[in-house]
Amino acid sequence: LPTSESLCALRLSCWLGHPRMRAGKPLLNHRWPAQPQLFINGEPLAVSHVPPMWDGRATVDRNLDLPVEVPFSRLRTGHNTFSLHSSDIEPHTLVLELLFRRSLASHREEIATTRTLPIEEAMRHLRASFERMGGGGSSSAPSGFGVLDDDDDECVASSVQLSLNCPLTRLRIGTPVRAAGCSHVECFDLDAWLQCQRAAKLPNWLCPICSSPASPPELRVCSWMQSVLAGTAETTREVIIQPDGSHAAPEPSSAGGSERRKRQRAASVSLDEPASQAPQASQASRAGDDEENPIELGDSDDD
């Protein structure tokens, strides 16, 4: 083992030998085999396996198995042996992980200095996202986008509404990042992402928006999103963006066509009624209420 002050823990994890596929991508399942028996240098180490459950159609994993921390006291100088025995017919892979302590500040500095997208590349990414929308309706809009339409029957993707909040914390983004494999424009906050993974017993380095691999080497700082955040007030939570990268805060009075129709119907109903009828009825109702339930002022402290 390396002798380093930054080495903070050893961890054993176990994965299915043949990853299952979902949407053409391998689904890595962390699970211990059935009836596992783990030994370190011939001595047993307790490990817990949560049995699969029947969902009505098939037996599925609950994905509740956790890695095992290896006590340093169980190791010896020189050669160490790890062995896993089970009655499971599925092949498994045992992985020994050396965990090194690294500060969030060092992660942040490395990502910000070496993995910030140039503004030209960030703009190409933005235009490509608009092209993928293809001028379609909201069904083709990426997550976090709100397609603004000038007519209820025709959605125009010439401008979209983009949230400036992190999907993890629901707070305004500080350092906007996304994974290299992400095709969407919206970002999440770098500090929030690193803190969430550090707090997790089994980190899940997948983009919270599209599930693309999003480990620290995969993260990219979006320089265009940085300029949007720098050019808007701290209270701004969303902006309307154009394919050329220009942006503006949404107008408070802007509303969809359905809301406009509701207001128009309400206005037409109020215009059809006599102008003096409603106030007279209201006054008569108040007068009747006053006669039936008169208010009396007394000297009692309870009234």
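Residues numbered from 1 in each chain as written. Predicted model: local features only at pLDDT ≥ 70, side-chain atom pairs only at ≥ 80, totals over all residues. Heavy atoms only, no water.

Account for the sheet that holds strand β9 (residues 82-85), naming residues and giving values.
Taken in spatial order, the three strands line up as β5-β4-β9 in an open sheet, and their pairing is antiparallel. Each end of this open sheet is capped by a strand with a single partner; those strands are β5 (43-45) and β9. Within the sheet, the average angular offset between the axes of one strand and its neighbour, ignoring direction, is 35°. Bridge count for strand β4 (residues 37-40) against β5 is three bridges, and the pairing is antiparallel. Bridged to I40 within β5 is E43. (Pairing = 2+ DSSP bridges. Helix = DSSP H or I, 4+ residues; strand = E, 2+ residues; numbered from the N terminus. Axes fitted to C-alpha atoms, helices over the stretch in contact; angles between N-to-C directions.)

Tell me what's going on with the packing of helix α1 (residues 104-114) against helix α3 (residues 190-199), and back it up with residues and numbers.
When two helices pack together, their arrangement is given by the angle between the helix axes and the distance between those axes. As a packed pair, α1 and α3 sit with axes 11 Å apart at the nearest point and diverge in direction by 135°. As far as their axial angle goes, α3 and α1 are oblique. For the element pair α1 and α3, the recorded crossing hand is right-handed. Here L104, H107, R108 and I111 of α1 come into contact with α3, specifically with L190, D191, L194, Q195 and R198. Residues that form the contact of α1 with α3 fall into these classes: four nonpolar, two polar and three charged. (Parallel < 35°, antiparallel > 145°, perpendicular 65-115°, else oblique. Left-handed = near helix turned anticlockwise from the far one by under 90°. Contact = heavy atoms within 4.5 Å. Nonpolar A, V, L, I, M, F, W, Y, C, P; charged D, E, K, R; others polar.)

I'd love a proper account of the environment of P250, names of residues and values included.
Mapped onto the elements, P250 comes out in the loop between β17 (247-248) and α5 (257-272). Not counting chain neighbours up to four residues away, the residues in contact with P250 comprise Q161, E238, V239 and I240.

Describe the sheet that holds strand β15 (residues 219-221), with residues and values.
Pairing in this open sheet of three strands is antiparallel, and the strands run β14-β13-β15 from one edge to the other. Of all strands in the sheet, those with a lone pairing partner are β14 (188-189) and β15, marking the two edges. Relative to β15, strand β13 (residues 176-179) is paired through three bridges, and the arrangement is antiparallel. Within the sheet, the bridge partner assigned to A179 lies in β15 and is L219.

How would you sum up the state of the cysteines? Please name residues and give values.
Counting across every chain of the model gives zero disulfides. With no disulfide of its own, C187 has C222 as its nearest cysteine by sulfur position, at a separation of 4.6 Å. Judged by relative accessible area, C187 falls into the buried class, the value being 3%. The thiol of C196 is not disulfide-bonded; the next cysteine sulfur, from C166, is found 7.5 Å away. C196 sits in the partly exposed class, given a relative accessible area of 37%. (Disulfide = S-S within 2.5 Å. Buried < 20%, exposed > 50% of the residue type's maximum accessible area, 1.4 Å probe, protein only.)

How would you summarise the confidence of the model for the protein chain if you had to cite specific residues and measurements?
Looking at the protein chain as a whole, the pLDDT averages 78, with 70% of positions reaching at least 70. Looking across the protein chain, the model is least confident in helix α6 (residues 277-292), with a mean pLDDT of 45, and most confident in β14, with 97. Predicted confidence is poor over residues 269-303, with pLDDT under 50, and the contacts of this stretch with residues over four places away or in other chains come to zero contacts. (pLDDT = per-residue confidence, 0-100.)

How would you summarise unusual backbone geometry if you had to cite specific residues and measurements?
Backbone geometry places R170, a non-glycine residue, at a positive phi of 65°. Note that R170 resides in the loop between β12 (160-163) and β13.

Hey, could you go over the packing of aromatic side chains for me, with residue numbers and the actual values?
Evaluated as defined, the whole model comprises two aromatic pairs. Here the aromatic rings of F188 and W193 are separated by 5.3 Å at their centres, their planes lie at 55°, and the arrangement is tilted. For W193, a relative accessible area of 3% translates into the label buried. Ring-pair connections join several aromatic residues into one group, and the members of that group are F188, W193 and W205. (Phe/Tyr/Trp six-rings, centres within 6.5 Å; stacked < 30°, edge-to-face > 60°.)

So, the pattern of salt bridges: which residues are in play, and what are the values?
For the structure on display, the rule yields seven salt bridges. Between E97 and R11 there is a salt bridge, and its shortest N-O distance comes to 3.2 Å. Note that E97 is positioned in strand β10 (residues 92-100) and R11 in strand β1 (residues 7-16), a separation of 86 residues in sequence. Residue classification places E97 among the partly exposed positions, given a relative accessible area of 23%. Using a relative accessible area of 10% as the deciding quantity, one classes R11 as buried. Close ionic contact of E110 with R115 constitutes a salt bridge, the shortest N to O distance being 3.0 Å. (Salt bridge = Lys/Arg side-chain N within 4 Å of Asp/Glu carboxyl O.)

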